[in-house]
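Inside the fold
Each chain is listed here by its residues.
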Amino acid sequence: VETPVKYLILIYGNPATRKVWEGLSEAQRVDATRGYAALNEDLATSGESIVQETLADPSLTKRVSVREGRTMTTDGPFAEVKEHLAGFYLVDCESIDRAVEHAARIPEAGLGLVEVRPIMDLSALGL
Amino acid sequence: MRTTPQVEDLLRELAPQVLGALVRHYGGFDTCEDAVQEALLAAAVQWPTEGVPDNPKGWLIAVASRRRTELWRNEAARRRREETVAAQAPPDPEPVAGVDDTLTLLLLCCHPSLTEVSQVALTLRAVGGLSTAEIARAFLVPEPTVAQRISRAKQRIKASGTEFRMPPEVEVSERIVAVLHVLYLIFNEGHTASSGSALNRVELTTEAIRLTRQLHDRLPEDTEVAGLLALMLLTDARRPARTRPDGALVPLAEQDRRQWDAQAIAEGVTLITQTLASAPIGPYQLQAAIAAVHDEAARSEDTDWRQILGLYELLHTIAAGPMVTLNRIVAVAMVHGPHAGLQQLATAEADPALAGHHRVDAVRAHLLDIAGDHEAARAYYRLAARRTLSVPEQRYLESRAAQLTPPSRP
């Protein structure tokens, strides 16, 4: 028996995707937004949606470090990061194939910037 | 909101009966189900403080009927229809002779047009009497997700035109298979390593046993229903020994068997022994028989592995599957030695269902460990630990690897 697993669908962005987005016509943008809306709607109706969020611009990131009990922050993401997390979906699906099916509908998948990763749980089957 | 356990038990027992009475009287499963949920909630609030009414079932039916009429009117108003006065009288609280609503409900909730997760959610709510919030907590998903699954399931049932009555005789046994699968899923979902820290978490294993027991009471002749009940009892009996106080898992071979629930084992063993004496045999009965052999060994080294191997061979013949294959290989190793097991594992791995599965690595590690090849065992335990999706299993596999690490010399 395979119990249903939660999957995180990660959507990345980079300077190139930003350029693509900026270069879209108004109609193309509406199309992309509609694609998201339709996916959200379907995930909600099927009872597979847990949470989905779009992350704010990476320039608003705070990097946190604790030294000798003191919390310090610096602005901006890790300098060496070329790709940043732009948004995510947490879904509860019957199989990873099903999660991939959803991920493929995300407009960014056309740019090859979408990943699906299983979430760990507390199941203790067969132990 | 907390209710006393007695009230809770009573409500869960009555839930399917009340729902059955309403659907039978009014029709319209979806609206009746919503109405019964609200009646159960009202009872959960009122009964603990005001006392349980003399006729609790009649009370629930009356409240649910009123609520149903309100819900129905709202809906009817939208459709500009009017309800006849005659249909507003609540149904008779006395059961209809020769009719079993709980069984009909179970079959309806596990209708083939529904997805597995929807079958599970609907069964727990309509037959188990759990609230959407309780189901959500048990499955660690948000409440709207569960609510959506239930409402979608009800829409599908409505769209399929299924009526609230027993399906034709020829379909029943097939539908029972689906019910057993759902009950097994519920049991397994509750079989997690949560060490009681999750407050308010509904015990899904207990609920699955309760529902399976109800089904067994109604179908005592069905050997697979009996087999599943025995399997659940014999597995759940080990629960007190399965986790350490810190939540870490204890494998079967290392469990303190004095902590096992002797009463549950006795009941399970009696049930499976009686059941195996009558045909037909099925996968749940065989799994129960295997669990019984484990449970009857006073010490791990007393385990009758020959018998277990024989049962796995049988299970492999009638219901082959990747996990059966792996468990059979472990039994092979226990009877014929680790090298025989490792040899069969190499062959089994070619099966696409097992290729790259972390359990293959875990079994290989275990067999290498027994064979004395500790270095290779450690590597495979680590590999399995990296690839499992289960946190407790990962912790267990990592600890096995750590135990095999030679002490470092300065």
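Attention now goes to helix H12 (residues 262-276) of chain B. Residues and elements named next belong to chain B. For H12, spanning 15 residues, the distance from its first C-alpha to its last is 21 Å, which sits close to the expected 21 Å at 1.5 Å a residue. Taken together, the buried positions of H12 are occupied by Ala264, Ile265, Gly268, Val269, Leu271, Ile272 and Thr275. In this structure, the buried residues of H12 make contact with helix H9 (204-218), helix H10 (223-236) and helix H13 (283-296). N-capping of H12 is provided by Asp261, with a side-chain oxygen placed 3.1 Å from the backbone N of Gln263.

On the chain A side, the residues contacting the 29 residues of chain B number 23 residues. Together, the buried faces of chain B and chain A total about 2300 Å²; carbon and sulfur atoms form 62% of this surface. The tally of links between chain B and chain A comes to one salt bridge. B:Arg149 is the partner of A:Asp92 in a salt bridge, and the nearest nitrogen-oxygen pair spans 3.4 Å. Between chain B and chain A we count six residue pairs in polar contact (both at pLDDT 80 or more) in total. Of all the secondary-structure elements, those providing two or more residues to the side of chain B that touches chain A are helix H5 (116-127), helix H7 (143-160), helix H8 (169-189) and helix H19 (391-403) of chain B. With five residues, the single largest contributor to the side of chain B that touches chain A is H19(B). Of the residues assigned to the side of chain B that touches chain A, the class counts are 13 nonpolar, nine polar and seven charged.

Turning our eyes to something else, we now look at the packing of H5(B) against H8(B). Residues and elements named next belong to chain B. For the pair H5 and H8, the least separation of the axes is 10 Å and the interaxial angle reads 80°. By the criterion of interaxial angle, the relationship of H5 to H8 is roughly perpendicular. On H8, the residues that touch Glu116, Gln119, Val120, Thr123 and Leu124 of H5 are His181, Val182, Leu185 and Ile186. Looking at side-chain class alone, the contact of H5 with H8 contains five nonpolar, three polar and one charged residues.

Looking now at empty space enclosed by the protein. Residues and elements named next belong to chain B. Within the structure shown, the criterion is met by one cavity of 30 Å³ or more. As for the largest cavity, its lining consists of Ala15, Leu19, Glu33, Val36, Gln37, Leu40, Arg125, Ala126 and Gly129. Of all the secondary-structure elements, those providing two or more residues to the lining of the largest cavity are helix H1 (5-26), helix H2 (29-50) and H5.

Here we come to the environment of A:Glu68. Residue and element names in this part refer to chain A. Mapped onto the fold, Glu68 is located in the loop between strand S3 (62-67) and strand S4 (70-75). A relative accessible area of 84% places Glu68 in the exposed class. Taking the C-alpha atoms as reference, Glu68 lies 51 Å from Ser25; in sequence the two are 43 residues apart.

Moving on, we get to the pattern of salt bridges. Here the structure, examined in full by the defined rule, presents 33 salt bridges over all chains. One salt bridge in this structure joins A:Asp42 and A:Arg105, with 3.0 Å as the shortest N-O distance. Taken together, the residues A:Asp42 in helix H2 (residues 26-46) and A:Arg105 in the loop between helix H3 (96-103) and strand S6 (114-118) connect sequence positions 63 residues apart. B:Asp34 serves as the salt-bridge partner of B:Lys154, at 2.9 Å between the closest nitrogen and oxygen. Of this pair, B:Lys154 sits in helix H7 while B:Asp34 sits in helix H2, and the two are 120 residues apart along the sequence. Its relative accessible area of 32% is what places B:Asp34 among the partly exposed residues. Salt bridges sharing partners connect three or more residues here, namely B:Glu8, B:Arg12, B:Glu13, B:Glu134, B:Glu207 and B:Arg210.

Once that is clear, we can look at the side chain of B:Glu134. Structurally, the position occupied by B:Glu134 is in helix H6 (residues 132-139). Of note is the side chain of B:Glu134, whose polar atom sits 2.9 Å from the backbone nitrogen of B:Ser131.

Between B:Ala279 and B:Pro280 the backbone carries a cis peptide bond, its omega angle lying at -5°. The phi dihedral of A:Glu68 falls on the positive side, at around 50°, and the residue is not glycine.

With that out of the way, let us pick up the environment of B:Ile329. All names here are of chain B. Within the secondary structure, Ile329 sits in helix H15 (residues 322-336). Taking the C-alpha atoms as reference, Ile329 lies 33 Å from Arg210; in sequence the two are 119 residues apart. Among all residues touching Ile329, those that are not within four sequence positions of it are Gly341, Gln344, Leu345, Ala348 and Leu367.

Let us now look at the confidence of the model for chain A. In the predicted model, chain A carries a mean pLDDT of 87, and 91% of its residues have values of at least 70. Here helix H1 (residues 15-23) of chain A stands out as the least confident element of chain A, with mean pLDDT 84; S6(A) is the most confident, with 96.

This paragraph deals with the layout of surface pockets. All names here are of chain A. Roughly 740 Å³ of volume is contained in the second largest pocket. A per-element tally of the lining of the second largest pocket places strand S5 (residues 84-93) first, with six residues. In terms of residue class, the lining of the second largest pocket is built from 16 nonpolar, nine polar and five charged.

So, about H13(B). Residue and element names in this part refer to chain B. With 14 residues, H13 extends 20 Å between its outermost C-alpha atoms, agreeing within 8% with the 20 Å of an ideal straight helix rising 1.5 Å per residue. The buried fraction of H13 amounts to 11 of the 14 residues, a majority that puts the element mostly inside the structure. Buried within H13 we find Tyr284, Gln285, Leu286, Ala288, Ala289, Ile290, Ala291, Ala292, Val293, His294 and Asp295.

Residue and element names in this part refer to chain B. Two elements in contact, H12 and H13, have axes separated by 10 Å at closest approach and are oriented at 135°. Relative to H13, the element H12 is oriented oblique. Both H12 and H13 take part in a crossing whose hand is left-handed. In this structure, H12 contributes Ile265, Val269, Ile272, Thr275 and Leu276 to the contact, and H13 contributes Gln285, Ala288, Ala289, Ala292, Asp295 and Glu296.

The rules behind each value
- Residues numbered from 1 in each chain as written.
- Chains lettered and ligands numbered in written order.
- Predicted model: local features only at pLDDT ≥ 70, side-chain atom pairs only at ≥ 80, totals over all residues.
- Heavy atoms only, no water.
- Helix = DSSP H or I, 4+ residues; strand = E, 2+ residues; numbered from the N terminus.
- Expected span 1.5 Å × (residues − 1).
- Buried < 20%, exposed > 50% of the residue type's maximum accessible area, 1.4 Å probe, protein only.
- Contact = heavy atoms within 4.5 Å.
- Polar contact = N/O pair within 3.5 Å; in protein donor to acceptor, adjacent residues only side chain to side chain.
- Buried area = accessible area lost by both parts, 1.4 Å probe.
- Salt bridge = Lys/Arg side-chain N within 4 Å of Asp/Glu carboxyl O.
- Nonpolar A, V, L, I, M, F, W, Y, C, P; charged D, E, K, R; others polar.
- Axes fitted to C-alpha atoms, helices over the stretch in contact; angles between N-to-C directions.
- Parallel < 35°, antiparallel > 145°, perpendicular 65-115°, else oblique.
- 1 Å grid on protein atoms, 1.4 Å probe; cavity = no way out; pocket = protein on both sides within 12 Å on 5 of 7 lines; lining within 4 Å.
- Points joined across faces, edges and corners; volume = space filled by probe spheres on them.
- pLDDT = per-residue confidence, 0-100.
- Left-handed = near helix turned anticlockwise from the far one by under 90°.

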